[in-house]
Amino acid sequence: MDAMNEIIQIKNLGKTFKDFWHRPVVVAVKDLNLTIQRGEVVGLLGPNGSGKSTTLKMLLGLLRPTSGAIELFDGRGPEDVAVKSRLGYLPEVSHLHEFLTPRETLMYYASLFGLPHAAAKRRTNELLEMVGLVPAADRAVGRFSKGMARRVGLAQALINAPELLILDEPTSGLDPIGCREVKDLVRLLAKSGVTVLMTSHLLADVEDVCDRVAIMNKGVLCANGATRELLRNPEIVRFSIAGLSTETAADVRMQIEKQVDRPVHQDFPEMSLEAYFLKVVAPEANGQAFKMAHFLEK
Amino acid sequence: MARHSRWRIFLKSDVKTIRKIFGILVISLRAALRAKTVFALLMLMAACVTLLPAVIKGDGTPEGDCRILVMYTIGFAFAILCLATLWAACALFAAEIDNQNIQLSAVKPVRAFDFWLGKWLALLVLNGMLIMAVYSAVYAQIRWKQRQAGWRESVQLVSRHIARPILPTPREEALETYSFLEKQKALPDGFSKAQVLRTLADKARERYTIVNPGDSVEWRFALARPVATNEIVTVRIRFDTEYSTRTQVAGLCRLAPDVPGAQAVEIPLSDFSLNEIVFDVSCEAFGTTKSISGFNLVFTHTGDPAKTSAVMLRFRKDVAVLTQGGTFEANLVRSAIIHWSILALLAAFGLTLSACFSLPVAVFISTLLLLLVMVGTSVTEVVSQEDEKEWLQRPGIIVSRMVSTVAQHAIRMDPLDAIINGERIETAPFMDALLWNLLVVPSGFALCGILILRRRELASGD
C-alpha cells in the first residue's frame, strides 16, 4: 500500500468511557486498526452500540482516544486545524441551529472556513440548489422535517469541498428519493476523488455505494475488506442472459445439468424495491443526480 | 522575497481568522436577537427606564428626581443587564455542548480562541447597544424634565474635576501608626502585621476630624488642571453634627490660592441644616491674573460653644474643591463605557464557566460568585480582628477577601455617584477600569476557558 495515499490511519485505537470518579464504565472501542486510502468509499457497519459513532467522533477530534493513535492526511492529529479544513462531517442527527435558515446556516459554516463573503454566497447557492432546498432557503431550519434538515446537514458537510467526507448514517430520516440522491452523490464524490467514510444501519445502502466495508461489533473490528470480495460466494456461478425464450432457457439448463451433474436453479432477476419505487414515483430523480454531477463538475 | 511572501501568508491567515470570528459573532447575535428571552429582557429594560422614575417616590425636589433617574433607573437597568449577561454567557458554550450544536462547529477549522472571542464580542456588541439605549433614554428624560419649572435652576448638569486634601494615603498613615505602636510596644497580640495594617488603613480611610466651636482646620489642595481667572471654583464640605443643635452651627471658610500676591476669600456659613455645604467662588475674587493650581482652605467653627456641638468631617472623603472639567454628556458617556466594561468582564467570566460546566451548574456558580462579590466587599469592611480569630468564620472571610480583591477594579468606581455629584470621571481611573475590565481580567478568563475547551470532549458516546 502507498503510504502517501493513506488518508486515515487508525492504530490500536481504544476508547473507554468513565464515570465522574474516573472508573471505567463502557469499553466502546477496543484495539481498532484501520487504514483508508485516498478516493475509497468505506462503510463502517455494526449493530447499535458497536462503537461506529464513537470511532467517527474520535476521528473528528470530538472525543479523545483512551489508547492508540489516529493520523489523518500525512500523519496529522484530528485536532489539527489544517486537517479540519480538509474534511466534511454529517452527524447522525444534524444538530443545526434551529433559528437559522438554510442559507444563513451555510453562510455561517462557510465563514468558519474563512471563505470570503462572495465565495461563500456563491457556494451556498450552489449547494442549496444541489440539495433541492432553494424554495425553502429562507425558512427557519427548526420548522423543517427530518429529511429536509438532513439535506441542510449534507450541504454544510460539503461547504468546503472536502477531501474526506465523514457521514454518520447519511440516509437516516430520508425518503427513498432522498436516499437515492445521497447515494448518487456519494458515488459522484468518490468519482471526483473524495474519500468517504460512512456508517449506516441500512446494509443495502452500504452495499450500493461502498468499495470496502469494515464491520464492528462490541467495539472490535470483526471484518474488513472490499465489498464485492466479502459478499462473493465463489461456490455459486450465475449467468445472466437477456431476451432468452422459455424453450432455449430449458435447453441451456439441461445442457448445464448434464455437464455438472447437479441441479441448476433458474429464476428471473428482480429489481430492488427501491429501484421499483423510484421508477414509479420519481422517474425525474435522475434530474437531481444530474444537478449533483453538474455541481461536482463546477 | 521570502519574507514578503511569508508576510502575505500571515496576512491572509489573519483575514481568514477575522472572518471566522465575525461569523461566530454574527451567529451569536442572531441567536440572541431571535430568542424570546432577549425580547423579554428588552421589554423589562424599557419598563425599567420608563416606569421606574414614575413609581419611585423622591423627596419632591428636582435634585431628588434627577437622583432617581440616574441612580435608580440606570442602576436597576444595569443590575438586570449584569444578571442577563452572566446567564447568557453561561449558556453560550454550555447550551451548545448540551444540545450538541457545537459538534458541527467544532469539526470546522476554528480554534478555541476564535470561538471564545467571537462569542465574547457578540455579548459586547449586544450589551453596548442595550447600555446605549438605557443611557440615551435616561438622558432624554433629564433633558425633557429640564424644560419643567425649577429643574434648570436646581439641577446643574455639570462635570467637574475634584481635588481632595493633600494628605498621606491611608496606607502611609497606617504604616506610620504601626511604627509608632511598635516603638511603644503597644501592638495588639495575636495578629499579623498585614492584619494590623489593614485595620489601621481602614480606620484611616474613615477617620473623622472633629472641629469644636472656636477651632479651625486647614487643608491644602492641588488642582488637576490650573484654573483661569474667569472660571469658578466650587467648595464642597460634607459633615456630621448633632441633629438638635445643627441650626446653631456657624462657620467661616477661608479660601486662598497658592499664587503669590493673591488675596484670600472668606465665606461665612450659617446654613448647616443639610449635611452638605456647597458654595461657588469666582476666581476674579482672588485678585490675580495668574492661573491657580492650588488652594488653601481653612474652616473655622464660629458657633457658640455653649449652644452648639462639634462638626465632624471625614476629611479624606468629605472635603473637596471642584473645578470645571468636561461636559455632563461626556461624563455620562464615560459612565456608560465603564458599565459596559463591567458587563464585558461578566461576559468573560460567564463564558469561561460555560466552557467548564453544564448550563445549570454554570448559572448557579456564576450567580453565587456575583452575590459574593456584592457581599464580599461589605464583609471585608465590617470584619473585626476578633472575627478573624474565629476558625469557623475564617474560611468565609478569606473567600470574601479573595473575591473582593479580584473584583476590586471592577467595583471600585461608582460612575453613577460621580454623575450625581457632578464629578468628572477622571481619565486615569477610567482607563484603569477599562484596562482591567476589558483586557486584563477577561484575558485571564479567556486563557482558562480556551484551555478547558481544548481539553474537553465536545461529544458524548452513543
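This structure is a prediction, so every number in the text was calculated from the model and none was measured.

Q: Is there a simple way to explain the overall build of chain B in this structure?
A: Per the secondary structure count, chain B includes 15 helices and 10 strands. Dimensions of chain B, computed from C-alpha atoms along their principal axes, come out at roughly 90 × 60 × 60 Å. When burial is assessed residue by residue, chain B has 33% of its 462 residues classed as buried. For chain B, the proportion of contacts with a sequence separation of at least 24, taken over those separated by at least 6, is 85%.

Q: What exactly am I supposed to notice about the overall build of chain A here?
A: Helix and strand counts for chain A stand at 11 helices and 9 strands. Considered along the principal axes of its C-alpha atoms, chain A spans approximately 70 × 50 × 35 Å. Residue pairs at least 24 apart in sequence account for 69% of intrachain contacts in chain A once pairs closer than 6 positions are excluded.

Q: Would you take a moment to explain the interface of chain B and chain A for this structure?
A: Reports of interface size often rely on the accessible area that becomes lost once the parts have come together. Taken residue by residue, the interface counts 25 residues in chain B and 26 residues in chain A. The set of elements that each furnish at least two residues to the side of chain B that touches chain A consists of helix H1 (2–34) and helix H4 (102–106) of chain B. The greatest single-element share of the side of chain B that touches chain A, amounting to 9 residues, is contributed by H1 of chain B.

Q: Can you help me understand the sheet that holds strand S4 (residues 67–72) of chain A in this one?
A: Two modes of strand pairing occur in sheets, parallel and antiparallel, and in both the strands are linked by backbone hydrogen bonds. Residues and elements named next belong to chain A. Read from one edge to the other, the open sheet built from 3 strands follows the order S2-S1-S4, with strand pairing classed as antiparallel. Pairing within the sheet leaves two strands with one partner each, and these edge strands are strand S2 (24–37) and S4. Neighbour-to-neighbour, the strand axes of this sheet turn through a mean angle of 20°, independent of strand direction.

Q: What exactly am I supposed to notice about the nonpolar core here?
A: Across soluble globular proteins, nonpolar side chains have a tendency to be buried as a group. Counting 148 residues, the largest nonpolar core has Ala155 and Ile166 of chain A together with Ala347 of chain B as the members making the most contacts within it. Residue contributions to this core peak at 17 residues, all from helix H3 (residues 62–98) of chain B. With near-sequence residues (within four places) excluded, Ala155 of chain A lies in contact with Leu106, Leu127, Leu128, Met130 and Val131 of chain A. One finds Ile162, Val211, Phe221 and Phe286 of chain B within the second-largest nonpolar core, a separate group that totals 26 residues.

Q: Can you walk me through the sheet that holds strand S5 (residues 251–257) of chain B in this structure?
A: All names here are of chain B. Spatial strand order, S3-S8-S5-S6: 4 strands in an open sheet with antiparallel pairing. The open sheet has two free edges, formed respectively by strand S3 (216–227) and strand S6 (265–269), since each of these has just one partner strand. Averaged over all pairs of adjacent strands, the angle between strand axes in this sheet comes to 20°, irrespective of strand direction. Relative to S6, S5 runs antiparallel, the two sharing 5 bridges. Along S6, the bridge assignment pairs Leu255 with Val265.

Q: Whenever I open this one, unusual backbone geometry confuses me. Can you help?
A: Note on backbone geometry: most residues besides glycine have negative phi, and most peptide bonds are trans. Residues and elements named next belong to chain A. Backbone geometry places His22, a non-glycine residue, at a positive phi of 65°. Residue placement: His22 occurs in the loop between strand S1 (6–18) and S2. The exposed category is assigned to His22, around which 7 C-beta atoms lie within 10 Å.

Q: Would you take a moment to explain the environment of Arg238 of chain A for this structure?
A: Tracing the sequence through the fold places Arg238 of chain A in the loop between helix H8 (227–231) and helix H9 (246–260). Separated by 131 residues in sequence, Arg238 of chain A and Met107 of chain A place their C-alpha atoms 51 Å apart.

Q: So what exactly am I meant to see when it comes to the domain arrangement of chain B here?
A: Taken domain by domain, chain B consists of domain 1 (2–159 + 330–365 + 424–455) and domain 2 (208–324). Each of domain 1 of chain B and domain 2 of chain B was reduced to a C-alpha centroid, and the two centroids are 42 Å apart.

Q: For this particular structure, what's the right way to read the confidence of the model for chain B?
A: The predicted structure's coordinates, where accompanied by low pLDDT, should not be read in detail. Residues and elements named next belong to chain B. Within chain B, residue pLDDT values average 87, and 94% of them lie at 70 or more. The secondary structure element of chain B with the lowest average pLDDT is helix H12 (residues 385–389), at 70, and the one with the highest is helix H10 (residues 328–356), at 95. Across the interface, the model reports ipTM at 0.85; the global pTM reads 0.85.

Q: What is the right way to read the packing of helix H11 (residues 359–382) of chain B against helix H13 (residues 394–411) of chain B from this model?
A: Angle between the axes and distance between the axes: these two values describe a pair of packed helices. Residues and elements named next belong to chain B. Closest axis-to-axis distance for the H11/H13 pair is 8 Å, and the angle between their directions is 100°. Taken together, the axis directions place H11 and H13 in an arrangement best described as roughly perpendicular. For the pair H11 and H13, the contacting residues are Leu369, Leu372, Val373, Val375, Gly376, Thr377, Val379 and Thr380 in the first and Ile397, Val399, Ser400, Arg401, Val403, Ser404, Ala407 and Ile411 in the second. Taken together, the residues that form the contact of H11 with H13 break down as 10 nonpolar, 5 polar and 1 charged.

Q: I'm lost on the packing of H3 of chain B against H10 of chain B in this one. Help?
A: All names here are of chain B. Taken N-terminus to C-terminus, the directions of H3 and H10 make an angle of 30°; their axes are 7 Å apart at the nearest point. By the criterion of interaxial angle, the relationship of H3 to H10 is roughly parallel. Crossing geometry of H3 relative to H10 is assigned as right-handed. From H3, Phe78, Leu81, Cys82, Thr85, Leu86, Ala89, Cys90, Ala91, Leu92, Phe93 and Ala94 reach across to H10, where they touch His339, Leu343, Leu346, Ala347, Gly350, Leu351, Leu353, Ser354 and Ala355. For the contact of H3 with H10, the class distribution of residues is 16 nonpolar, 4 polar and no charged.

Q: Please clarify how the pairing of strand S8 (residues 292–301) of chain B should be interpreted in this entry.
A: Successive residues of a regular strand alternate their side chains across the two faces of the sheet. All names here are of chain B. Judged from the 8 bridges that link them, S3 and S8 form a sheet pairing that is antiparallel. Residue pairing across strands places Glu218 opposite Val298, the latter belonging to S8. Of the pairings in the sheet, the one linking S5 to S8 comprises 7 bridges and is antiparallel in character. Of the residues in S8, the one forming a bridge with Gly251 is His301.

Q: Could you clarify how one ought to interpret the environment of Glu96 of chain B in this entry?
A: Residue and element names in this part refer to chain B. Within the secondary structure layout, Glu96 lies in helix H3. By C-beta crowding, Glu96 is classed as buried, having 24 other C-beta atoms within 10 Å. Not counting residues up to four positions away in its chain, the partners in contact with Glu96 are Asn101 and Ile102.

Criteria and cut-off values
- Residues numbered from 1 in each chain as written.
- Chains lettered and ligands numbered in written order.
- Predicted model: local features only at pLDDT ≥ 70, side-chain atom pairs only at ≥ 80, totals over all residues.
- Helix = DSSP H or I, 4+ residues; strand = E, 2+ residues; numbered from the N terminus.
- Buried ≥ 20, exposed ≤ 12 C-beta atoms within 10 Å, placed from the backbone.
- Contact = placed C-beta atoms within 7 Å.
- Pairing = 2+ DSSP bridges.
- Axes fitted to C-alpha atoms, helices over the stretch in contact; angles between N-to-C directions.
- Core = buried A, V, L, I, M, F, W, Y, C linked by C-beta atoms within 7 Å.
- Domains from an automatic or database assignment.
- pLDDT = per-residue confidence, 0-100.
- Parallel < 35°, antiparallel > 145°, perpendicular 65-115°, else oblique.
- Nonpolar A, V, L, I, M, F, W, Y, C, P; charged D, E, K, R; others polar.
- Left-handed = near helix turned anticlockwise from the far one by under 90°.

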